[in-house]
Amino acid sequence: MEVDKSLISALIESAMSADYTGVRRVGGQIAKRLAEQNDLEGAKALQSLLRKRGVPLQASGYAEALPRDAGSRLPLIEEGQWPTTPIMLGGEAGHTISQFIEDAKHIGLLAEKGVSARLGLLLYGPPGTGKSLLAGHIAASLKRPFYIVRLDSLISSRLGETAKNIRGIFEFVPTRNAVLFLDEMDAIAKLRDDRHELGELKRVVNTVLQGLDSLTDDVVTIGATNHPHLLDPAIWRRFPYKVEMTLPEEEVRRSLWQHFLFQNSDKREESDLLARASDGLNGADIENIALAARRRSILGNREPSLAQILLAVQSSRAGNPRLLTNRELDTVDKKTLTLFLHDKAGVKVADIAGIVGVSRQMVHRYLKEAEHG
Ligand SMILES: Nc1ncnc2c1ncn2[C@@H]1O[C@H](COP(=O)(O)OP(=O)(O)OP(=O)(O)O)[C@@H](O)[C@H]1O
Ligand SMILES: [Mg+2]
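Values in this document were obtained by computation on a predicted structure and should not be read as measured data.

S.K.: Whenever I open this one, helix 14 (residues 283-299) confuses me. Can you help?
M.R.: Residues spaced three or four apart along an α-helix face the same direction, because each turn holds 3.6 residues. Taking 1.5 Å as the rise per residue, helix 14 with 17 residues should run 24 Å; its terminal C-alpha atoms sit 24 Å apart, in good agreement. Taken residue by residue, helix 14 has Gly283, Asp285, Ile286, Ile289, Ala290, Ala292 and Ala293 as its buried positions. Contacts made by the buried residues of helix 14 are with helix 12 (250-260) and helix 15 (306-314). N-capping of helix 14 is provided by asparagine 282, with a side-chain oxygen placed 3.0 Å from the backbone N of alanine 284.

Laid out in structure tokens, this is it:
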């Protein structure tokens, strides 16, 4: 076989730094090269090796290098996997994200021309809207290792220890061409409680600022928070790219249902209806309801009806999805669902009758009853 020396060095380098992501990437390139040279068996054998999970870093000794909390000995940073499920984004978020990725990919050129920006991206918005998932996707599209730091886990009750933990993180990351994901950024603000000494918050904020400022231009930092208003303004400014992760709009909800419930088979009408009906739910809720429905269809004798899924949607609130059960709809369910489809999803009477499984006359009756109280 003929393989570039540069690929071999890259492979060895990744292996020596226990960078599985890198080993997979370079290994994949080598397999491709083999396939191009018609060594299909060799390529296949390599690919199957690459599918192995790799020794957990704890066992490899590499984890020793990860910074740890002095008291608990727990690692302060973990290496995340690149996500395998897609992310559905609305237009505006998608636009900023592509721009961010584009800038990150060409940071060398931008720096040369003197127009580089700090590669800091802040994702803010309610829980379950895909912030963590998106951060992983960005690491994947930049083909960089993905390091996750949950700021709440850095907070130590021991005086001075929190700032020390934060320094440990920032000293560790720049040595690896990585995406650093600072999750739960608002945890810092919560130091404003009585367990902590007054100066602690200020000291911790300063440590974070110094850490962010110490990173070289090419380190990608992604912060996430559910409470942007709690963030210190100076920290806020360190992230020039900002994306608000809102609850998904109708178009995005349709893709979520398509993906999680229908596995992208052609169910346009059903996903349109579910998209309209699920206004106010987040991506994680939709995923949860959809997977519950698929579990029921695998373990039960028959597929859950669209009505059962809609009823689960109807009784869910953002962050609190109601999973569906196998039981038949009773009269109360039918009435509830009728009103819901009529008022919230704007479904026509004939269609409601079909979905709920009652006559049109009955639908009219339910609607009248509701009107009169
Ligand atoms: N826009 C989306 N596209 C695809 N999947 C999504 C989306 N939003 C949520 N999900 C699903 O919900 C799961 C949870 O989302 P995630 O953990 O990324 O949310 P988060 O915004 O980080 O929430 P939190 O603020 O609670 O940390 C994801 O792993 C994914 O399966
Ligand atoms: Mg998250």
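Structure's up, so let's keep going.
S.K.: When you look at the site of ligand 1 in this model, what are you seeing that I'm missing?
M.R.: Around ligand 1 sit 16 residues in total, of which Met88, Gly128, Lys131, Asn226 and Glu287 are the nearest. Contact between ligand 1 and methionine 88: a nitrogen atom at 2.7 Å from a main-chain N or O atom of the residue. Residue glutamate 287 places a side-chain N or O atom 2.6 Å away from an oxygen atom belonging to ligand 1. Protein contact buries 80% of the 630 Å² of open area that ligand 1 shows by itself. Mapped onto the shell around ligand 1, the elements with two or more residues apiece are helix 7 (131-141), helix 12 and helix 14. Taken together, the residues of the shell around ligand 1 sort by class into eight nonpolar, six polar and two charged. Looking at which domains feed residues into the shell around ligand 1, each of domain 2 (66-244) and domain 3 (250-371) supplies at least three.

S.K.: I'm lost on the sheet that holds strand 5 (residues 220-225) in this one. Help?
M.R.: Read across the sheet, six strands follow the order 1-3-4-5-2-6 without closing on themselves; strand pairing throughout is mixed. Looking at the sheet topology across the chains shown, the edges are occupied by strand 1 (78-80) and strand 6 (241-244). Across the sheet, the mean angle separating the axes of adjacent strands is 25 degrees when strand polarity is ignored. Both strand 2 (residues 120-124) and strand 5 contribute to a ladder of five bridges, which runs parallel. Within the sheet, the bridge partner assigned to leucine 121 lies in strand 5 and is isoleucine 222.

What counts, and at which threshold
- Residue positions within a chain follow its written sequence, with the count starting from 1.
- Chains and ligands are labelled sequentially in the order written, the chains with letters from A and the ligands with numbers from 1.
- Since the coordinates come from a predicted model, pLDDT governs what is reported: local features require at least 70, and pairs of side-chain atoms require 80 or more to be given and counted, while whole-chain, interface and lining totals use all residues.
- Only hydrogens and water are removed before side-chain values are computed, so all heavy atoms of the structure are retained for them.
- Each helix is a run of H or I in the DSSP string that is no shorter than four residues. Each strand is a run of E no shorter than two, and both are numbered from the N terminus.
- To estimate how far a helix should reach, multiply one less than its number of residues by 1.5 Å.
- Each residue is assigned to one of three classes by its accessible area relative to the maximum for its type, calculated with a 1.4 Å probe on protein chains only: buried under 20%, partly exposed between the two thresholds, exposed over 50%.
- By definition in these notes, contact holds between two residues if any of their heavy atoms fall within 4.5 Å.
- Polar contact is defined as a pair of N or O atoms within 3.5 Å, subject to the rule that within protein one atom must be able to donate a hydrogen and the other to accept it, and that residues adjacent in sequence are counted only when both atoms are side-chain atoms.
- Residues are classed as near a molecule or strand on a simple rule: at least one heavy atom within 4 Å of it.
- Accessible surface is estimated by sampling points in the Shrake-Rupley manner with a 1.4 Å probe; for residues, cover comes only from the protein chains shown.
- We call Asp, Glu, Lys and Arg charged. Ala, Val, Leu, Ile, Met, Phe, Trp, Tyr, Cys and Pro are nonpolar, and the rest, Gly among them, are polar.
- Where each domain begins and ends is defined by an automated method or by a domain database.
- Strand pairing is assigned whenever DSSP identifies at least 2 bridges connecting the two strands.
- Simply put, an axis is a line fit to the C-alpha atoms, just over the touching stretch for a helix, and the angle between two N-to-C directions goes from 0 to 180 degrees.

By themselves these figures say nothing about function.
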